[in-house]
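Spelled out, the chains give:
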Amino acid sequence: MLELNPAFGCEFRCAYCGIYALEREYFGEVIVYDDFPAYLDNWLTEHRERVRDYYFYFSAKTDCLQPALIESGITLDILNVLKNHGAQYFLVTKAGLPPADIRDVLVASRDINQVIISATMPDEELREKLEPGAAPIEDRLEFARFCADNGIFVTASCCPILPIGDRLYLRDIFARLSAAGVKHFYFDFARLSKDAVLNMIEAMPEQRGEFERHYFTPHAKVSRWHMPHRDLTIDKFQPPQEYMLDAFQRLAACVKEVVPDATVSICNHFATPKTLQGFNNRARAECISCMGQRFADGGC
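One structure accompanies this document, and this report is about it. Model, not experiment: these values are computed from the prediction.

## Topic: the overall build of the protein chain
Then, in step 1: Scanning the protein chain for helices and strands turns up 12 helices and 11 strands.
Then, in step 2: For a compact globule of 300 residues, the expected C-alpha radius of gyration is about 19 Å, and the protein chain comes in at 19 Å, within 12% of that figure.
Then, in step 3: Its C-alpha atoms put the protein chain at 50 × 45 × 35 Å along the principal axes.
Then, in step 4: Considering the protein chain as a whole, with its 300 residues, one finds that 53% of them fall into the buried category.
Then, in step 5: Restricting to contacts in the protein chain with at least 6 residues of sequence separation, those with at least 24 account for 72%.
Then, in step 6: Taking the average location of the 32 positive side-chain charges in the protein chain and that of its 42 negative ones, the two points are 6 Å from each other.

What follows is the structure in structure tokens.
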């Protein structure tokens, strides 16, 4: 997998953002690299054979369907470059249905692309607090429905799972995603820097105790992460593994109840013989990776 990152900053301003949570000024100002499509075209012309079996993640450090990238034409140009080179790619988004020209190239490239829709907010009130610049959930469902109706493989990324209540508030969104044509669900808890946890607490002060109990504990899972845009390494936290494993099992059971023919997956880091053996087996049998992308031509 190779990342395509044609911009810096994000207008969706998610409180739990793992990239820009330390520098909120980049929530309001997005730097778009307008020479990126030409650079990518030249790079693929030179290296296409060497990376023919790679997938391109468009775009890993921000949302490629945010207004700045759509209005600048960068997203459409990059999608056309990928199409012209037959380069396999996927995108992860919190956007709604994109403009017609982008829809057209997505459909024309459905043999080499896939869309992962991020949708976990239980209601619009919470969505507006935590994802103020992103599309309403109903708009994301419309995009998911468009993908399913037009033969584009679409996954629901259920991340971040929030450590509030029993998490079965997701039952309704599972049903709504299924009705839109989604048949695969990927689960994960957000990896949050201390600043991002504090952002969540600021947005949801009534849940302070839950976030502090699950993220600010000696049993939290900690990973060191290098910031992509400056020379800084930070700690990122996830809830204790035992807590997450129990949540994954309960959510998988909930999906099976609501959408019996769906597949589910979690990061391979969690689905081990010592933790959740076989959790991803059904997805893997259908050539779906742990993060929800389907490999073409049975190349799994």
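That covers the picture; the talk isn't over yet.
## Quick word on the sheet that holds strand β8 (residues 184-187)
The pairing of strands in a sheet comes from backbone hydrogen bonds and takes either a parallel or an antiparallel form.
Then, in step 1: Taking strand neighbours across the sheet as the criterion, the seven strands line up as β1-β4-β5-β6-β7-β8-β11 in an open arrangement whose pairing is parallel. Edge positions in the sheet fall to β1 (2-4) and β11 (263-266), since each has one partner strand and no second. The mean angle between the axes of side-by-side strands here comes to 25°, regardless of whether they run parallel or antiparallel.
Then, in step 2: Pairing of β8 with β11 involves four bridges; the strand directions are parallel.

## What about the layout of surface pockets?
Then, in step 1: Looking at the largest pocket, its volume works out to about 1200 Å³.
Then, in step 2: Lining the largest pocket we find 38 residues, and of these I19, Y57, A60, V92 and C159 sit closest to its centre.
Then, in step 3: Elements represented by at least two residues in the lining of the largest pocket include exactly β5 (89-93), β6 (113-118) and β9 (221-226).
Then, in step 4: Here the residues of the lining of the largest pocket are counted per class, giving 23 nonpolar, seven polar and eight charged.
Then, in step 5: Here the second largest pocket is characterised by a volume of approximately 160 Å³.
Then, in step 6: Lining the second largest pocket are 13 residues, with A252, A262, T263, V264 and R282 positioned closest to its centre.
Then, in step 7: Within the residue set of the lining of the second largest pocket, elements represented by two or more residues are α11 (241-258), β11 and α12 (281-285).

## Describing unusual backbone geometry
Then, in step 1: The step from F58 to S59 runs through a cis peptide bond, and the omega angle for that step is -10°.
Then, in step 2: Its location among the elements puts S59 in the loop between β4 (56-58) and α3 (67-71).
Then, in step 3: Cis geometry marks the peptide bond from C159 to P160; its omega dihedral reads 10°.
Then, in step 4: Note that P160 resides in the loop between β7 (153-158) and α8 (170-179).
Then, in step 5: Backbone geometry at R13 places phi at a positive 55°, although glycine is not the residue there.
Then, in step 6: Assignment of secondary structure puts R13 in the loop between β2 (7-8) and α1 (25-28).
Then, in step 7: A positive phi angle, near 65°, is found at C287, a position not held by glycine.
Then, in step 8: Of note, C287 is situated in the segment after α12.
Then, in step 9: Residue C287 is classed as buried on the basis of its relative accessible area, which comes to 12%.

## Some remarks on a negative patch on the surface
Then, in step 1: Among the surface-exposed residues, D123, E125, E128 and E206 lie close enough to one another that they form a single negatively charged patch.
Then, in step 2: Mapped onto the elements of the fold, E125 is located in helix α6 (residues 124-130).

## Describing the packing of aromatic side chains
Then, in step 1: The final tally for this structure, using the stated rule, is 10 aromatic pairs.
Then, in step 2: Between F211 and Y215, the aromatic rings sit 6.1 Å apart at their centres with planes inclined by 20°, giving stacked as the arrangement. With a gap of four residues between them, F211 and Y215 both fall in helix α10 (residues 208-215), about one helical turn apart. Like F211, the residue Y215 is buried in the burial classification.
Then, in step 3: Here the aromatic residues F189, Y243, F248 and F270 are joined through ring pairs into a cluster of three or more.
Then, in step 4: The ring centre of F146 lies 5.9 Å from the NZ or CZ of R103, which sits over that ring.

What counts, and at which threshold
Residues numbered from 1 in each chain as written. Predicted model: local features only at pLDDT ≥ 70, side-chain atom pairs only at ≥ 80, totals over all residues. Heavy atoms only, no water. Helix = DSSP H or I, 4+ residues; strand = E, 2+ residues; numbered from the N terminus. Rg over C-alpha atoms; globule rule 2.2 N^0.38 Å. Buried < 20%, exposed > 50% of the residue type's maximum accessible area, 1.4 Å probe, protein only. Contact = heavy atoms within 4.5 Å. Lys, Arg positive; Asp, Glu negative; His and termini not counted. Charge placed at Lys NZ, Arg CZ, Asp CG, Glu CD. Pairing = 2+ DSSP bridges. Axes fitted to C-alpha atoms, helices over the stretch in contact; angles between N-to-C directions. 1 Å grid on protein atoms, 1.4 Å probe; cavity = no way out; pocket = protein on both sides within 12 Å on 5 of 7 lines; lining within 4 Å. Points joined across faces, edges and corners; volume = space filled by probe spheres on them. Nonpolar A, V, L, I, M, F, W, Y, C, P; charged D, E, K, R; others polar. Patch = residues over 30% accessible without salt bridge, like charges linked within 9 Å, V, L, I, M, F, W, Y side chains within 5 Å. Areas by Shrake-Rupley, 256 points an atom, 1.4 Å probe, with all protein chains shown as cover. Salt bridge = Lys/Arg side-chain N within 4 Å of Asp/Glu carboxyl O. Phe/Tyr/Trp six-rings, centres within 6.5 Å; stacked < 30°, edge-to-face > 60°. Lys NZ or Arg CZ within 6 Å of the ring centre and 35° of its normal.

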